[in-house]
Amino acid sequence: MKTVVLKFGGTSVGSIERIKKVCKIIYSYKSKKNNVVVISSAMSGVTNDLVKKSKLLSNNFNKAEYDALLATGEQTSCALIAGRLNHIGLKSRSWQSWQIPIITEGPHSSARINQVIVKELKKYLKDGGTPIITGFQGINNRFRLTTIGRSGSDATAIMLAKFIKADECIIYTDVDGVYTTDPRQHKKAKKIKKIFYDEMLEMASLGSKVMQPSSVQDAKLNNIDIKVKSSFISKPGTLITGSTKTFSNQIITGISSTKNDAKITIVGVKDKPGIAASIFKPLSKNLINVDMVVQNISLNGKETDMTFTIKSDDLKKTEKLIKQNKKISYKKLSFDKDVSKVSIIGVGMITTPGITYRMFQALALKKINILVISTSEIKISVLISAKHVKKAVSVLHKEFKLD
Ligand code: ADP
Ligand code: ASP
Ligand code: MG
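Residues numbered from 1 in each chain as written. Chains lettered and ligands numbered in written order. Predicted model: local features only at pLDDT ≥ 70, side-chain atom pairs only at ≥ 80, totals over all residues. Heavy atoms only, no water.

Trainee: I tried to follow the overall build of the chain on my own but got confused; where do I start?
Mentor: Secondary structure summary: the chain contains twelve helices and 19 strands in total. Relative to a compact globule of 403 residues, whose C-alpha radius of gyration would be 22 Å, the chain shows 23 Å and is just as compact. In terms of its C-alpha atoms, the chain occupies a principal-axis envelope of roughly 75 × 50 × 35 Å. The proportion of buried residues among the 403 residues of the chain is 49%. For the chain, the proportion of contacts with a sequence separation of at least 24, taken over those separated by at least 6, is 74%. About 20300 Å² of surface is accessible on the chain, with carbon and sulfur atoms providing 53% of the total. For the chain, the distance from the average site of its 66 positive side-chain charges to the average site of its 32 negative ones is 2 Å. (Helix = DSSP H or I, 4+ residues; strand = E, 2+ residues; numbered from the N terminus. Rg over C-alpha atoms; globule rule 2.2 N^0.38 Å. Buried < 20%, exposed > 50% of the residue type's maximum accessible area, 1.4 Å probe, protein only. Contact = heavy atoms within 4.5 Å. Areas by Shrake-Rupley, 256 points an atom, 1.4 Å probe, with all protein chains shown as cover. Lys, Arg positive; Asp, Glu negative; His and termini not counted. Charge placed at Lys NZ, Arg CZ, Asp CG, Glu CD.)

Trainee: Please explain the packing of aromatic side chains as it appears in this structure.
Mentor: Counted according to the given criterion, the structure contains four aromatic pairs. On the basis of an interplanar angle of 70° and a centroid distance of 5.8 Å, the ring pair of W95 and Y124 is categorised as edge-to-face. Placement of the pair is W95 in strand β3 (residues 92–95) and Y124 in helix α5 (residues 119–126), with a sequence separation of 29 residues. With a relative accessible area of 5%, W95 lands in the buried category. Here the aromatic rings of F280 and F308 are separated by 5.0 Å at their centres, their planes lie at 80°, and the arrangement is edge-to-face. Of the two residues, F280 is situated in helix α9 (residues 275–285) and F308 in strand β16 (residues 303–311); the sequence distance between them amounts to 28 residues. Overall, F280 belongs to the buried group, its relative accessible area being 18%. Residue F308 is classed as buried on the basis of its relative accessible area, which comes to 0%. One Lys or Arg, R93, reaches over the ring of W95 and ends 3.8 Å from the middle of that ring. (Phe/Tyr/Trp six-rings, centres within 6.5 Å; stacked < 30°, edge-to-face > 60°. Lys NZ or Arg CZ within 6 Å of the ring centre and 35° of its normal.)

Trainee: Looking at this structure, I do not really get the site of ligand 2. What am I missing?
Mentor: Inspection of the region around ligand 2 gives S41, A42, T47, E74, F136, R150, S151, G152 and S153 as its neighbouring residues. Between R150 and ligand 2, the recorded distance is 2.6 Å, taken from a side-chain N or O atom to an oxygen atom. Between S151 and ligand 2, the recorded distance is 2.8 Å, taken from a backbone N or O atom to an oxygen atom. Considered on its own, ligand 2 offers 260 Å² of accessible surface; in the complex 87% of this is hidden by protein. Grouping the amino acids of the shell around ligand 2 by side-chain chemistry returns two nonpolar, five polar and two charged. (Near = heavy atom within 4 Å. Polar contact = N/O pair within 3.5 Å; in protein donor to acceptor, adjacent residues only side chain to side chain. Nonpolar A, V, L, I, M, F, W, Y, C, P; charged D, E, K, R; others polar.)

Trainee: What's the story with the site of ligand 1 in this structure? I'm lost.
Mentor: As a structural note, the neighbourhood of ligand 1 is formed by 18 residues, with T173, D174, D182, R184 and K209 the closest of them. A distance of 2.8 Å separates an oxygen atom of ligand 1 from a polar atom in the side chain of R184. The protein chains hide 91% of the 580 Å² of surface that ligand 1 would expose on its own. A class-by-class count of the residues in the shell around ligand 1 yields six nonpolar, seven polar and five charged.

Trainee: Where do I start with the pattern of salt bridges in this structure?
Mentor: It is possible for side chains bearing opposite charge to pair when their charged atoms get close. Inspection of the entire model under this criterion finds 17 salt bridges. We note a salt bridge from E168 to K2, for which the minimum N-O separation is 3.2 Å. Here the residue E168 occupies a position in strand β9 (residues 168–173), and K2 occupies one in the segment before β1 (3–8), the gap between them amounting to 166 residues. As a salt-bridge pair, E65 and R144 come within 3.1 Å of each other at their nearest N and O atoms. A residue pair is termed long-range when its members are at least 10 positions apart, and E65 in helix α3 (residues 63–70) and R144 in the loop between β7 (137–139) and β8 (145–147) qualify at 79 residues. Of the residues examined, E65 reaches a relative accessible area of 39% and is grouped as partly exposed. Several salt bridges converge on common partners, so that one network encompasses K2, E168 and K227. (Salt bridge = Lys/Arg side-chain N within 4 Å of Asp/Glu carboxyl O.)

Trainee: Can you walk me through the pairing of β9 in this structure?
Mentor: Consecutive side chains of a regular strand alternate in pointing toward one face of the sheet and then the other. Extensive coverage of β9 is indicated by the burial of six of its six residues. Covered by surrounding structure in β9 are E168, I170 and Y172 together with C169, I171 and T173, the residues of both alternating faces. Both β1 and β9 contribute to a ladder of five bridges, which runs parallel. Residue pairing for β9: K7 is matched across the bridge by I171. Examined bridge by bridge, β9 and strand β11 (residues 226–230) share four bridges and lie parallel to one another. By the bridge assignment, Y172 is partnered in β11 with K229. (Pairing = 2+ DSSP bridges.)

Trainee: How should I be thinking about the sheet that holds strand β10 (residues 194–196) in this particular structure?
Mentor: Note: strands within a sheet are paired through backbone hydrogen bonds, in either parallel or antiparallel orientation. Spatial ordering of the open sheet is given by β3-β6-β2-β1-β9-β11-β12-β10, a layout of eight strands whose pairing is mixed. Every interior strand has two partners, whereas the edge strands, β3 and β10, have only one. Pairwise comparison of adjacent strand axes, ignoring direction, gives a mean angle of 25° for this sheet. (Axes fitted to C-alpha atoms, helices over the stretch in contact; angles between N-to-C directions.)

Trainee: When you look at α9 in this model, what are you seeing that I'm missing?
Mentor: The α-helix advances 3.6 residues per turn, and as a result positions three or four apart in sequence lie on the same side. Every buried residue of α9 is listed here: I275, S278, I279, F280 and L283. Taken together, the buried residues of α9 touch β14 (261–270), β15 (293–295), β16 and α10 (315–324). Looking one or two residues beyond α9, the residue adopting positive phi is L287, at roughly 60°.

Trainee: Explain the nonpolar core here, please?
Mentor: Soluble globular proteins: nonpolar side chains tend toward being buried together. If you look at the biggest cluster of nonpolar residues, it comprises 42 residues, and the most contacted ones within it are I133, M200, M211 and I240. Elements supplying a minimum of two residues to this core: β2 (35–40), β5 (112–116), α5, α6 (153–163), β9, α7 (197–205), α8 (213–222) and β11. No other element matches α6, which puts seven residues into this core. In this structure M211 touches D154, I158, I171, M200, A204, V216, I226, V228 and I240, once residues within four positions along its chain are discounted. Ranked by size, the runner-up nonpolar core spans 21 residues in total, among them L6, F8, V22 and I25. (Core = buried A, V, L, I, M, F, W, Y, C linked by side-chain atoms within 4.5 Å.)

Right under this line is the structure:
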(Lines give C-alpha, C1' and ligand atoms only; values in the text may rest on other atoms or scores of the structure.)
(Ligands and ions follow the chains in the order given, each with its own letter.)
Protein backbone atom coordinates (compact mmCIF):
# COMPACT_ATOMS: atom_id res chain seq x y z
CA MET A 1 0.00 0.00 0.00
CA LYS A 2 1.34 3.43 -0.97
CA THR A 3 1.59 6.21 1.59
CA VAL A 4 1.05 9.75 0.32
CA VAL A 5 1.51 13.01 2.17
CA LEU A 6 -0.82 15.76 0.94
CA LYS A 7 -0.31 19.37 2.05
CA PHE A 8 -3.01 21.99 1.57
CA GLY A 9 -2.14 25.69 1.73
CA GLY A 10 -4.14 28.56 3.19
CA THR A 11 -6.14 29.44 0.08
CA SER A 12 -6.97 25.78 -0.53
CA VAL A 13 -8.71 25.62 2.88
CA GLY A 14 -9.77 29.28 2.80
CA SER A 15 -13.55 28.73 2.87
CA ILE A 16 -16.14 26.07 3.69
CA GLU A 17 -16.61 25.32 0.00
CA ARG A 18 -12.87 24.90 -0.48
CA ILE A 19 -12.59 22.60 2.53
CA LYS A 20 -15.28 20.42 0.96
CA LYS A 21 -13.23 20.35 -2.26
CA VAL A 22 -10.07 19.40 -0.36
CA CYS A 23 -11.97 16.57 1.33
CA LYS A 24 -12.98 15.25 -2.10
CA ILE A 25 -9.30 15.18 -3.13
CA ILE A 26 -8.39 13.31 0.07
CA TYR A 27 -11.29 10.91 -0.51
CA SER A 28 -10.09 10.16 -4.05
CA TYR A 29 -6.64 9.13 -2.75
CA LYS A 30 -8.26 6.95 -0.08
CA SER A 31 -10.51 5.28 -2.62
CA LYS A 32 -7.39 4.31 -4.59
CA LYS A 33 -6.28 2.40 -1.48
CA ASN A 34 -3.54 4.79 -0.39
CA ASN A 35 -2.56 5.57 3.16
CA VAL A 36 -3.09 9.32 3.31
CA VAL A 37 -1.41 11.76 5.70
CA VAL A 38 -2.73 15.32 5.43
CA ILE A 39 -0.94 18.51 6.51
CA SER A 40 -2.97 21.69 6.55
CA SER A 41 -2.17 25.39 6.80
CA ALA A 42 -4.48 27.82 8.57
CA MET A 43 -7.35 29.24 6.50
CA SER A 44 -5.95 32.12 4.43
CA GLY A 45 -5.67 35.41 6.29
CA VAL A 46 -5.98 33.80 9.74
CA THR A 47 -2.26 33.79 10.62
CA ASN A 48 -1.87 37.39 9.39
CA ASP A 49 -4.78 38.37 11.58
CA LEU A 50 -3.17 36.78 14.63
CA VAL A 51 0.09 38.63 13.88
CA LYS A 52 -1.87 41.91 13.74
CA LYS A 53 -3.56 41.21 17.08
CA SER A 54 -0.23 40.54 18.80
CA LYS A 55 1.15 43.84 17.44
CA LEU A 56 -1.84 45.75 18.80
CA LEU A 57 -1.07 44.41 22.27
CA SER A 58 2.69 44.75 22.29
CA ASN A 59 5.48 45.71 19.91
CA ASN A 60 7.66 43.27 21.80
CA PHE A 61 5.22 40.37 22.16
CA ASN A 62 6.64 37.47 24.17
CA LYS A 63 8.20 35.09 21.64
CA ALA A 64 6.87 31.86 23.13
CA GLU A 65 3.35 33.30 23.40
CA TYR A 66 3.62 34.60 19.83
CA ASP A 67 4.20 31.04 18.63
CA ALA A 68 1.42 29.69 20.86
CA LEU A 69 -0.88 32.31 19.32
CA LEU A 70 0.09 31.73 15.69
CA ALA A 71 -0.19 27.96 16.06
CA THR A 72 -3.94 28.22 16.70
CA GLY A 73 -4.87 28.87 13.05
CA GLU A 74 -3.99 25.34 11.94
CA GLN A 75 -5.98 23.73 14.76
CA THR A 76 -9.18 25.17 13.29
CA SER A 77 -8.58 24.11 9.69
CA CYS A 78 -7.46 20.59 10.65
CA ALA A 79 -10.52 20.02 12.85
CA LEU A 80 -12.79 21.31 10.06
CA ILE A 81 -11.21 18.92 7.53
CA ALA A 82 -11.37 15.94 9.88
CA GLY A 83 -14.99 16.75 10.78
CA ARG A 84 -15.97 16.92 7.12
CA LEU A 85 -14.13 13.66 6.31
CA ASN A 86 -16.05 11.92 9.12
CA HIS A 87 -19.24 13.32 7.62
CA ILE A 88 -18.50 11.80 4.19
CA GLY A 89 -17.63 8.45 5.70
CA LEU A 90 -13.87 8.46 6.22
CA LYS A 91 -12.24 7.64 9.51
CA SER A 92 -10.25 10.75 10.34
CA ARG A 93 -8.99 12.85 13.25
CA SER A 94 -6.99 16.03 13.66
CA TRP A 95 -3.55 15.87 15.30
CA GLN A 96 -1.85 18.90 16.73
CA SER A 97 1.90 18.86 16.46
CA TRP A 98 2.41 18.34 20.21
CA GLN A 99 0.10 15.33 20.16
CA ILE A 100 2.31 13.49 17.64
CA PRO A 101 4.83 14.98 18.69
CA ILE A 102 6.71 16.95 16.06
CA ILE A 103 9.94 17.98 17.77
CA THR A 104 11.76 21.14 16.76
CA GLU A 105 15.01 22.87 17.66
CA GLY A 106 16.09 26.49 17.30
CA PRO A 107 14.52 29.81 18.23
CA HIS A 108 10.81 30.57 18.38
CA SER A 109 9.29 31.62 15.03
CA SER A 110 12.13 30.06 13.06
CA ALA A 111 12.55 26.64 14.60
CA ARG A 112 13.36 23.60 12.43
CA ILE A 113 11.76 20.15 12.68
CA ASN A 114 14.34 17.56 13.66
CA GLN A 115 12.15 14.64 14.62
CA VAL A 116 8.65 13.29 14.18
CA ILE A 117 7.56 10.37 16.36
CA VAL A 118 5.44 8.42 13.92
CA LYS A 119 4.53 5.35 16.01
CA GLU A 120 0.95 6.39 16.79
CA LEU A 121 0.40 7.78 13.31
CA LYS A 122 1.45 4.49 11.74
CA LYS A 123 -0.94 2.57 14.00
CA TYR A 124 -3.75 4.91 13.03
CA LEU A 125 -2.97 4.54 9.31
CA LYS A 126 -2.95 0.76 9.70
CA ASP A 127 -6.42 1.00 11.24
CA GLY A 128 -7.60 2.83 8.10
CA GLY A 129 -7.55 6.34 9.61
CA THR A 130 -6.61 9.57 7.86
CA PRO A 131 -4.64 11.87 10.16
CA ILE A 132 -4.98 15.62 9.56
CA ILE A 133 -1.90 17.29 11.00
CA THR A 134 -1.31 20.93 11.85
CA GLY A 135 1.45 22.35 9.65
CA PHE A 136 3.88 25.11 10.60
CA GLN A 137 4.50 24.09 14.23
CA GLY A 138 6.07 21.75 16.72
CA ILE A 139 7.28 21.62 20.30
CA ASN A 140 10.74 22.21 21.70
CA ASN A 141 12.60 20.31 24.41
CA ARG A 142 10.82 22.39 27.06
CA PHE A 143 7.42 21.33 25.63
CA ARG A 144 6.70 24.86 24.41
CA LEU A 145 4.90 25.33 21.11
CA THR A 146 7.18 26.58 18.36
CA THR A 147 6.59 27.74 14.79
CA ILE A 148 8.94 27.07 11.91
CA GLY A 149 8.72 30.28 9.85
CA ARG A 150 5.90 31.71 7.73
CA SER A 151 4.65 29.28 5.09
CA GLY A 152 6.15 26.52 7.24
CA SER A 153 3.48 23.91 6.48
CA ASP A 154 5.51 23.06 3.36
CA ALA A 155 8.39 21.96 5.60
CA THR A 156 6.03 20.04 7.89
CA ALA A 157 4.81 18.05 4.87
CA ILE A 158 8.34 17.24 3.73
CA MET A 159 9.50 16.19 7.20
CA LEU A 160 6.39 14.04 7.67
CA ALA A 161 7.13 12.41 4.30
CA LYS A 162 10.65 11.71 5.52
CA PHE A 163 9.75 10.21 8.89
CA ILE A 164 6.72 8.22 7.70
CA LYS A 165 8.75 7.05 4.66
CA ALA A 166 6.04 8.22 2.27
CA ASP A 167 6.05 7.21 -1.39
CA GLU A 168 4.85 10.63 -2.50
CA CYS A 169 4.69 14.19 -1.13
CA ILE A 170 2.28 16.52 -2.90
CA ILE A 171 1.95 20.23 -2.15
CA TYR A 172 -1.56 21.35 -3.14
CA THR A 173 -1.79 25.10 -3.66
CA ASP A 174 -3.71 27.77 -5.58
CA VAL A 175 -1.61 27.53 -8.79
CA ASP A 176 -1.10 24.36 -10.83
CA GLY A 177 2.66 24.21 -10.42
CA VAL A 178 5.87 26.20 -10.28
CA TYR A 179 6.03 28.73 -13.13
CA THR A 180 8.96 30.48 -14.80
CA THR A 181 7.90 33.54 -12.79
CA ASP A 182 4.87 34.45 -10.63
CA PRO A 183 1.88 33.65 -12.92
CA ARG A 184 -0.28 36.17 -11.04
CA GLN A 185 2.07 38.99 -11.97
CA HIS A 186 3.09 37.91 -15.48
CA LYS A 187 0.63 36.50 -17.96
CA LYS A 188 3.41 34.99 -20.09
CA ALA A 189 4.76 32.83 -17.25
CA LYS A 190 4.96 29.17 -18.21
CA LYS A 191 4.61 26.07 -16.07
CA ILE A 192 7.86 24.22 -15.38
CA LYS A 193 7.54 20.42 -15.63
CA LYS A 194 10.65 19.57 -13.63
CA ILE A 195 12.96 21.74 -11.57
CA PHE A 196 16.11 20.90 -9.61
CA TYR A 197 16.14 21.40 -5.82
CA ASP A 198 18.93 23.97 -6.14
CA GLU A 199 17.01 26.03 -8.68
CA MET A 200 13.81 25.86 -6.61
CA LEU A 201 15.78 26.80 -3.51
CA GLU A 202 17.20 29.89 -5.22
CA MET A 203 13.82 30.84 -6.70
CA ALA A 204 12.09 30.44 -3.33
CA SER A 205 14.78 32.35 -1.43
CA LEU A 206 14.74 35.11 -4.03
CA GLY A 207 11.02 35.79 -3.75
CA SER A 208 8.96 33.04 -5.47
CA LYS A 209 6.63 32.34 -2.60
CA VAL A 210 5.16 29.13 -4.06
CA MET A 211 7.48 27.06 -1.82
CA GLN A 212 9.00 27.94 1.55
CA PRO A 213 12.81 28.05 1.09
CA SER A 214 13.74 25.92 4.11
CA SER A 215 11.25 23.24 3.04
CA VAL A 216 13.12 22.89 -0.27
CA GLN A 217 16.34 22.58 1.68
CA ASP A 218 14.77 19.81 3.80
CA ALA A 219 13.62 18.04 0.62
CA LYS A 220 17.09 18.28 -0.91
CA LEU A 221 18.86 17.06 2.24
CA ASN A 222 16.52 14.07 2.50
CA ASN A 223 16.20 13.47 -1.23
CA ILE A 224 12.41 13.73 -1.22
CA ASP A 225 10.73 14.48 -4.54
CA ILE A 226 7.94 17.06 -4.26
CA LYS A 227 5.01 17.52 -6.59
CA VAL A 228 3.31 20.91 -6.68
CA LYS A 229 -0.30 20.80 -7.87
CA SER A 230 -3.49 22.82 -7.82
CA SER A 231 -6.26 22.04 -5.35
CA PHE A 232 -8.76 23.76 -7.69
CA ILE A 233 -8.13 22.11 -11.04
CA SER A 234 -6.89 18.65 -11.89
CA LYS A 235 -3.80 19.17 -14.07
CA PRO A 236 -0.26 17.78 -14.02
CA GLY A 237 1.91 19.94 -11.78
CA THR A 238 5.64 20.44 -11.28
CA LEU A 239 8.16 17.93 -9.97
CA ILE A 240 10.92 19.30 -7.71
CA THR A 241 13.72 16.75 -7.73
CA GLY A 242 17.43 16.03 -7.67
CA SER A 243 17.16 13.47 -10.45
CA THR A 244 18.73 14.50 -13.77
CA LYS A 245 16.42 12.34 -15.90
CA THR A 246 14.74 14.12 -18.84
CA PHE A 247 15.44 17.73 -18.09
CA SER A 248 14.97 20.43 -20.71
CA ASN A 249 18.11 22.26 -21.86
CA GLN A 250 16.77 25.69 -20.90
CA ILE A 251 19.62 27.95 -19.69
CA ILE A 252 17.47 30.02 -17.37
CA THR A 253 14.73 28.14 -15.52
CA GLY A 254 12.98 30.98 -13.72
CA ILE A 255 12.90 34.60 -12.64
CA SER A 256 12.12 35.78 -9.12
CA SER A 257 11.62 39.18 -7.60
CA THR A 258 11.35 40.44 -4.07
CA LYS A 259 9.14 42.93 -2.30
CA ASN A 260 9.92 44.92 0.82
CA ASP A 261 13.66 45.36 0.40
CA ALA A 262 15.52 48.44 1.62
CA LYS A 263 18.96 49.73 0.69
CA ILE A 264 21.27 51.48 3.14
CA THR A 265 24.41 53.38 2.20
CA ILE A 266 26.92 54.54 4.78
CA VAL A 267 28.88 57.28 3.06
CA GLY A 268 32.48 58.15 3.99
CA VAL A 269 33.17 55.35 6.48
CA LYS A 270 36.73 55.33 7.87
CA ASP A 271 38.42 52.55 5.86
CA LYS A 272 40.39 50.30 8.21
CA PRO A 273 40.61 46.54 8.76
CA GLY A 274 37.56 45.16 10.53
CA ILE A 275 35.23 47.96 9.48
CA ALA A 276 32.72 45.66 7.76
CA ALA A 277 32.65 43.38 10.81
CA SER A 278 32.06 46.39 13.11
CA ILE A 279 29.09 47.50 10.99
CA PHE A 280 27.45 44.09 10.70
CA LYS A 281 28.10 42.65 14.19
CA PRO A 282 25.26 44.51 15.96
CA LEU A 283 22.91 43.72 13.06
CA SER A 284 23.68 40.02 13.29
CA LYS A 285 23.25 40.10 17.08
CA ASN A 286 19.78 41.55 16.51
CA LEU A 287 18.91 38.84 13.94
CA ILE A 288 18.78 41.36 11.08
CA ASN A 289 19.42 39.57 7.83
CA VAL A 290 21.83 41.47 5.59
CA ASP A 291 21.50 40.46 1.95
CA MET A 292 23.48 42.18 -0.83
CA VAL A 293 26.66 43.99 0.24
CA VAL A 294 28.89 46.30 -1.79
CA GLN A 295 31.92 48.17 -0.51
CA ASN A 296 33.38 50.76 -2.85
CA ILE A 297 37.13 50.78 -3.40
CA SER A 298 38.51 53.62 -1.37
CA LEU A 299 40.12 56.21 -3.67
CA ASN A 300 42.18 58.03 -1.05
CA GLY A 301 42.78 54.94 1.12
CA LYS A 302 40.99 56.67 4.02
CA GLU A 303 37.28 56.52 3.36
CA THR A 304 34.87 54.21 1.63
CA ASP A 305 31.10 53.81 1.08
CA MET A 306 29.29 50.70 2.24
CA THR A 307 25.94 49.73 0.67
CA PHE A 308 23.79 46.81 1.76
CA THR A 309 20.21 45.60 1.67
CA ILE A 310 17.86 44.36 4.39
CA LYS A 311 14.11 43.75 4.67
CA SER A 312 12.27 47.08 4.97
CA ASP A 313 10.64 45.88 8.22
CA ASP A 314 14.13 45.99 9.77
CA LEU A 315 14.95 49.49 8.51
CA LYS A 316 14.11 51.47 11.68
CA LYS A 317 15.99 49.06 13.92
CA THR A 318 19.00 49.03 11.58
CA GLU A 319 19.11 52.83 11.44
CA LYS A 320 19.08 52.98 15.23
CA LEU A 321 21.83 50.34 15.55
CA ILE A 322 24.10 52.14 13.07
CA LYS A 323 23.58 55.50 14.77
CA GLN A 324 24.34 53.95 18.17
CA ASN A 325 27.43 52.13 16.93
CA LYS A 326 30.47 53.82 18.53
CA LYS A 327 32.92 51.60 16.62
CA ILE A 328 32.29 53.35 13.28
CA SER A 329 32.48 56.91 12.04
CA TYR A 330 31.01 58.13 8.77
CA LYS A 331 29.80 61.25 6.97
CA LYS A 332 26.27 60.39 5.97
CA LEU A 333 23.66 57.67 6.19
CA SER A 334 21.18 57.27 3.33
CA PHE A 335 18.19 54.94 2.86
CA ASP A 336 16.05 53.80 -0.03
CA LYS A 337 12.88 51.87 0.78
CA ASP A 338 11.65 51.51 -2.78
CA VAL A 339 14.04 48.91 -4.14
CA SER A 340 13.56 45.32 -5.30
CA LYS A 341 15.80 42.47 -6.23
CA VAL A 342 15.23 40.75 -9.56
CA SER A 343 17.03 37.45 -10.15
CA ILE A 344 17.47 35.00 -12.99
CA ILE A 345 18.04 31.39 -11.95
CA GLY A 346 19.18 28.32 -13.85
CA VAL A 347 21.79 25.58 -13.62
CA GLY A 348 22.37 26.13 -17.36
CA MET A 349 24.34 29.30 -16.62
CA ILE A 350 27.21 27.24 -15.19
CA THR A 351 28.08 26.01 -18.67
CA THR A 352 26.85 28.93 -20.79
CA PRO A 353 28.99 32.08 -21.10
CA GLY A 354 27.54 35.54 -21.67
CA ILE A 355 24.46 35.34 -19.44
CA THR A 356 25.50 38.28 -17.25
CA TYR A 357 26.02 40.47 -20.31
CA ARG A 358 22.65 39.48 -21.79
CA MET A 359 20.88 40.30 -18.54
CA PHE A 360 22.54 43.71 -18.10
CA GLN A 361 22.10 44.62 -21.77
CA ALA A 362 18.40 43.71 -21.76
CA LEU A 363 17.84 45.92 -18.68
CA ALA A 364 19.91 48.75 -20.14
CA LEU A 365 17.85 48.79 -23.34
CA LYS A 366 14.79 49.41 -21.17
CA LYS A 367 16.69 52.16 -19.30
CA ILE A 368 16.54 50.25 -16.01
CA ASN A 369 19.36 51.31 -13.73
CA ILE A 370 21.17 48.61 -11.73
CA LEU A 371 22.00 49.64 -8.15
CA VAL A 372 23.70 46.51 -6.77
CA ILE A 373 24.67 43.15 -8.31
CA SER A 374 25.23 39.78 -6.68
CA THR A 375 25.84 36.37 -8.21
CA SER A 376 26.19 32.72 -7.37
CA GLU A 377 26.92 29.72 -9.60
CA ILE A 378 23.28 29.41 -10.67
CA LYS A 379 21.80 32.90 -10.20
CA ILE A 380 22.36 36.56 -10.98
CA SER A 381 20.54 39.17 -8.91
CA VAL A 382 20.26 42.88 -9.48
CA LEU A 383 18.83 45.51 -7.19
CA ILE A 384 16.68 48.04 -9.03
CA SER A 385 14.08 50.66 -8.26
CA ALA A 386 10.85 48.91 -7.21
CA LYS A 387 8.86 50.79 -9.84
CA HIS A 388 10.73 48.95 -12.62
CA VAL A 389 10.23 45.39 -11.36
CA LYS A 390 7.37 44.40 -13.64
CA LYS A 391 9.14 45.77 -16.70
CA ALA A 392 12.42 44.09 -15.72
CA VAL A 393 10.85 40.67 -15.18
CA SER A 394 9.01 40.87 -18.44
CA VAL A 395 12.07 41.92 -20.50
CA LEU A 396 14.22 39.18 -18.91
CA HIS A 397 11.47 36.60 -19.42
CA LYS A 398 11.57 37.42 -23.11
CA GLU A 399 15.37 37.68 -23.37
CA PHE A 400 15.86 34.17 -21.95
CA LYS A 401 13.11 32.69 -24.13
CA LEU A 402 10.76 31.82 -21.30
CA ASP A 403 7.70 33.54 -22.87
P1 ADP B 1 -0.24 28.27 -0.18
O2 ADP B 1 -1.17 29.09 0.65
O3 ADP B 1 -0.92 27.16 -0.92
O4 ADP B 1 0.97 27.81 0.56
P5 ADP B 1 1.29 30.41 -1.39
O6 ADP B 1 0.52 31.69 -1.46
O7 ADP B 1 2.29 30.25 -0.33
O8 ADP B 1 0.23 29.22 -1.36
O9 ADP B 1 2.01 30.12 -2.80
C10 ADP B 1 1.28 30.16 -3.99
C11 ADP B 1 1.48 31.51 -4.67
O12 ADP B 1 2.84 31.66 -5.03
C13 ADP B 1 0.74 31.66 -5.97
O14 ADP B 1 -0.56 32.14 -5.77
C15 ADP B 1 1.61 32.61 -6.78
O16 ADP B 1 1.07 33.90 -6.87
C17 ADP B 1 2.91 32.69 -5.99
N18 ADP B 1 4.09 32.50 -6.82
C19 ADP B 1 5.19 33.30 -6.81
N20 ADP B 1 6.11 32.89 -7.68
C21 ADP B 1 5.60 31.78 -8.28
C22 ADP B 1 6.09 30.89 -9.28
N23 ADP B 1 7.29 31.04 -9.84
N24 ADP B 1 5.30 29.84 -9.65
C25 ADP B 1 4.09 29.66 -9.10
N26 ADP B 1 3.57 30.48 -8.14
C27 ADP B 1 4.31 31.52 -7.73
N1 ASP C 1 -0.31 29.50 8.47
C2 ASP C 1 1.11 29.74 8.38
C3 ASP C 1 1.38 31.02 7.59
O4 ASP C 1 0.45 31.69 7.14
C5 ASP C 1 1.86 28.58 7.80
C6 ASP C 1 1.51 28.21 6.37
O7 ASP C 1 0.54 28.72 5.78
O8 ASP C 1 2.21 27.36 5.84
O9 ASP C 1 2.51 31.40 7.44
MG1 MG D 1 2.86 28.63 0.87
